[in-house]
2 protein chains.
Amino acid sequence: MLHEEVVGRIRAILLDGEIPPGARIPERELCERLEISRTPLREALKVLAAEGLVQLLPHRGSRAAKLTDKDMRDLFEVCQGLEALAGELACERITDAEIDAIAAAHADMVRHFHERDLIQYYRGNRAIHEAIVTAAGNPVLAGLYASVTARIRRARYVTPMTPQRWELAVKEHEAILNALQRRDGVGLAHILRAHLRHKREEVLQAGFAETEGSDVTLRIA
Amino acid sequence: MLHEEVVGRIRAILLDGEIPPGARIPERELCERLEISRTPLREALKVLAAEGLVQLLPHRGSRAAKLTDKDMRDLFEVCQGLEALAGELACERITDAEIDAIAAAHADMVRHFHERDLIQYYRGNRAIHEAIVTAAGNPVLAGLYASVTARIRRARYVTPMTPQRWELAVKEHEAILNALQRRDGVGLAHILRAHLRHKREEVLQAGFAETEGSDVTLRIA
DNA sequence: TTTTACATTTTTGAATGCAAAATTTGCGAT
DNA sequence: ATCGCAAATTTTGCATTCAAAAATGTAAAA
């Protein structure tokens, strides 16, 4: 198994929540499961720590990273900036074919909205945002976007949505598609920012904070 | 020596250009120099590869990453977005004391400009940009900014500058300070974007491309 | 003389082993 | 019964070792 594959599989385990935020990562068990020894596993954990998905505590092993409200806010803030940038760049570079593909994905998503199929809606939603980032034609940007969205994914695509919120989100997506078709970069950037700001409010209001009580024990001498 | 320290030291070696872009990274030598064994060294190299400073070629070792013109453009593009975002956030959150500190750093930098001390000028320049990012109060943003600037640092602070360019850069920095003092986030974002766009043009015109001919040999059967 | 096949050497990637550190366990004192 | 402390166990981090892959060198054939 290749190094990148090891990283990918552990990342998937973390994103699926199979190892919940804050939980210790059992080296021995993961080794057996992935059928590798500790050396490549530990290399992968260090990489994931650099990405922010894993927390390394010297001499105390590694844990799945836990996000505070502040972390979540910061991540959304950056995500807004990245998507806004991607939107602007995409408007300069996107091809007609790419726009058509996004329009199709949008139609699909709206259908899932009407069917009230949240899972499929989220899937389509994500595909659209990723397509915009891809259309920006900037692999560096795409990489950072992937790393930031990976960290907030659970929150972004798991939060329950009220019917009003959902409707607003769909309206915003109409505007997103419209701006893309008009290749209105500045407009698209604004809409994307607002869209993500609303999403962030949802997530934070839902109280997504992953800090369920510090497990640090204070010892007073 | 702690893991993070190993990563830091190798990063420094790469940023100093001690191992030039494209050059092979001699594992054995680095081990002796850092007085560590191959295991922690290789862990660090994997982390640096995830950061984009090192290229891992399966079964062929690691090389210091080489940047193409396209890479450089992409990095600057993202850097513009990150700094613009940082500028906007900084205007919302910066304290008077922080503004005063930046004003002082600015005055220093202008002095170095009049003294035609490019090294010190660059040092002050960098301190200002970093102070703005810090003032944004978003560690996630600061982390991404650090990673992106690390990759372009050699270009950004090594490119020779014409007197006109230099003068323009100083003027832009006046505007940056001014916008900060007025806490004009949108204005600051615009100035920072233009400032970096100019810097990018400089760097690309200087032909910084780090690709001195592919060393791939094509063999036709 | 050039090219190709093969053997040797070097280097990479991963498993194992070992010492240090932390956690857990067990026992005695209050 | 509970708290405190020390021994035992586990876990971590790194060095070493080992097998496989790639690079290098050599010699024979075209």
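In this text the structure is predicted, and so the values were computed from the model without any measurement.

A.B. asks: Run through the interface of chain A and chain B, naming residues and quoting values.
C.D. replies: The interface is formed by 26 residues belonging to chain A together with 26 residues belonging to chain B. Both faces considered, chain A and chain B share a buried interface measuring about 2,300 Å² in area, 66% of it formed by carbon and sulfur atoms. Joining chain A to chain B, the criterion identifies 6 salt bridges. In this structure, R42(A) and E43(B) form a salt bridge, with 3.9 Å as the shortest nitrogen-oxygen distance. Residue assignment for the side of chain A that touches chain B shows that the elements contributing at least two residues are α3 (38-51), α4 (69-93) and α7 (139-156) of chain A. Here the residues of the side of chain A that touches chain B sort into 12 nonpolar, 5 polar and 9 charged.

A.B. asks: Tell me about the protein's contact with DNA strand D, and please be specific about residues and values.
C.D. replies: Among the 16 residues in the neighbourhood of DNA strand D, the closest are listed as R24(A), R38(A), R42(A), H59(A) and S37(B). H59(A) places a main-chain nitrogen or oxygen 3.0 Å from a phosphate oxygen of DNA strand D. Contact between DNA strand D and T39(B): a base nitrogen at 3.2 Å from a side-chain N or O atom of the residue. When residues of the surface near DNA strand D are traced back to their parent elements, those giving at least two are α2 (27-34) and α3 of chain A together with α3 (38-51) of chain B.

A.B. asks: A description of the relation of the copies chain A and chain B should follow, citing residues and the corresponding values.
C.D. replies: Copies of the same chain, two in number, are related to each other by a rotation about an axis and a translation along it. After a rotation of 180 degrees and a shift along the axis of 0.0 Å, chain A superposes on chain B with an RMSD of 0.1 Å. The two molecules are tied by a two-fold rotation axis, judged by turn and shift.

A.B. asks: Summarise helix α1 (residues 3-15) of chain A; cite the residues concerned and give the values.
C.D. replies: Over its 13 residues, α1(A) runs 18 Å from end to end, which matches the ideal 18 Å to within 8%, given 1.5 Å per residue. G17(A) occupies a position one or two residues after α1(A) and carries a positive phi of about 75 degrees.

A.B. asks: Go over the environment of A50(B), please, and point to the residues and values.
C.D. replies: In this structure, A50(B) sits in helix α3. Measuring from C-alpha to C-alpha, the distance between A50(B) and D16(B) comes to 19 Å, with 34 residues separating the pair along the chain.

A.B. asks: So what's going on with the protein's contact with DNA strand C? Residues and values would help.
C.D. replies: In the region of DNA strand C, 17 residues are neighbours, and S37(A), R24(B), R38(B), R42(B) and H59(B) sit closest. Among atoms of DNA strand C positioned within 4 Å of the protein, sugar and phosphate together represent 65%. Within the side chain of R38(B), one N or O atom sits 2.8 Å away from a base nitrogen of DNA strand C. Looking at the surface near DNA strand C, the elements that each hand over two or more residues are α3 of chain A together with α2 (27-34) and α3 of chain B. Broken down by element, the residue count for the surface near DNA strand C peaks at 3 residues, all from α3(A).

A.B. asks: Account for unusual backbone geometry, naming residues and giving values.
C.D. replies: In this structure, R116(A) is a non-glycine residue whose phi angle is positive, near 55 degrees. Looking at the secondary structure, you find R116(A) in the loop between α5 (96-114) and α6 (118-135).

A.B. asks: Residues and numbers for the nonpolar core, please.
C.D. replies: What tends to happen in soluble globular proteins is that the nonpolar side chains get buried as a cluster. In terms of nonpolar packing, the biggest core is built from 44 residues, with M72(A), L82(A), L141(A), M72(B), L82(B) and L141(B) touching the most fellow members. At the level of secondary structure, the elements contributing two or more residues to this core comprise α4, α7 and α9 (185-205) of chain A together with α4 (69-93), α7 (139-156) and α9 (185-205) of chain B. If near-sequence neighbours (up to four positions away) are discounted, L82(B) is found in contact with L82(A), L141(B), L144(B), Y145(B) and V148(B). C91(A), V110(A), I176(A) and L192(A) belong to the second largest nonpolar core, which has 24 residues in total.

A.B. asks: Tell me about the domain arrangement of chain A, residues and numbers included.
C.D. replies: Interfaces are often described in size by the accessible area the parts lose on coming together. Residue and element names in this part refer to chain A. According to the domain assignment, chain A consists of domain 1 (3-64) and domain 2 (69-205). In this structure, domain 1 and domain 2 have C-alpha centres spaced 29 Å apart. Contact with domain 1, which involves 6 residues of that partner, is made by 5 residues of domain 2. Of all residues in domain 1, L15, E51 and L53 bury the most surface against domain 2, accounting for 66% of the area lost on that side. Linking domain 1 to domain 2 there are 0 salt bridges. Taken together, the connections running from domain 1 to domain 2 amount to 0 residue pairs in polar contact (both at pLDDT 80 or more).

A.B. asks: Quick one: what's the story with the packing of aromatic side chains, residue by residue and with numbers?
C.D. replies: Overall, the coordinates contain 6 aromatic pairs over all chains when judged by the stated rule. When the centroid spacing of 5.9 Å and the interplanar angle of 55 degrees are considered together, the rings of Y121(A) and Y122(A) count as tilted. An identical accessibility class is assigned to Y121(A) and Y122(A); each is buried. Where F113(B) meets W166(B), the ring centres are 5.3 Å apart and the plane angle is 70 degrees; that geometry is what we call edge-to-face. On the criterion of sequence distance, the pair formed by F113(B) in helix α5 (residues 96-114) and W166(B) in helix α8 (residues 163-181) is long-range, its members being 53 residues apart. Accessibility assignment for this pair places F113(B) and W166(B) in one class, buried. Joined through ring pairs, the aromatic side chains of F113(A), Y121(A), Y122(A) and W166(A) make up one cluster.

Conventions and cut-offs
- Residues numbered from 1 in each chain as written.
- Chains lettered and ligands numbered in written order.
- Predicted model: local features only at pLDDT ≥ 70, side-chain atom pairs only at ≥ 80, totals over all residues.
- Heavy atoms only, no water.
- Contact = heavy atoms within 4.5 Å.
- Buried area = accessible area lost by both parts, 1.4 Å probe.
- Salt bridge = Lys/Arg side-chain N within 4 Å of Asp/Glu carboxyl O.
- Helix = DSSP H or I, 4+ residues; strand = E, 2+ residues; numbered from the N terminus.
- Nonpolar A, V, L, I, M, F, W, Y, C, P; charged D, E, K, R; others polar.
- Near = heavy atom within 4 Å.
- Polar contact = N/O pair within 3.5 Å; in protein donor to acceptor, adjacent residues only side chain to side chain.
- Least-squares fit on C-alpha atoms with pLDDT ≥ 70 in both.
- Expected span 1.5 Å × (residues − 1).
- Core = buried A, V, L, I, M, F, W, Y, C linked by side-chain atoms within 4.5 Å.
- Buried < 20%, exposed > 50% of the residue type's maximum accessible area, 1.4 Å probe, protein only.
- Domains from an automatic or database assignment.
- Phe/Tyr/Trp six-rings, centres within 6.5 Å; stacked < 30°, edge-to-face > 60°.

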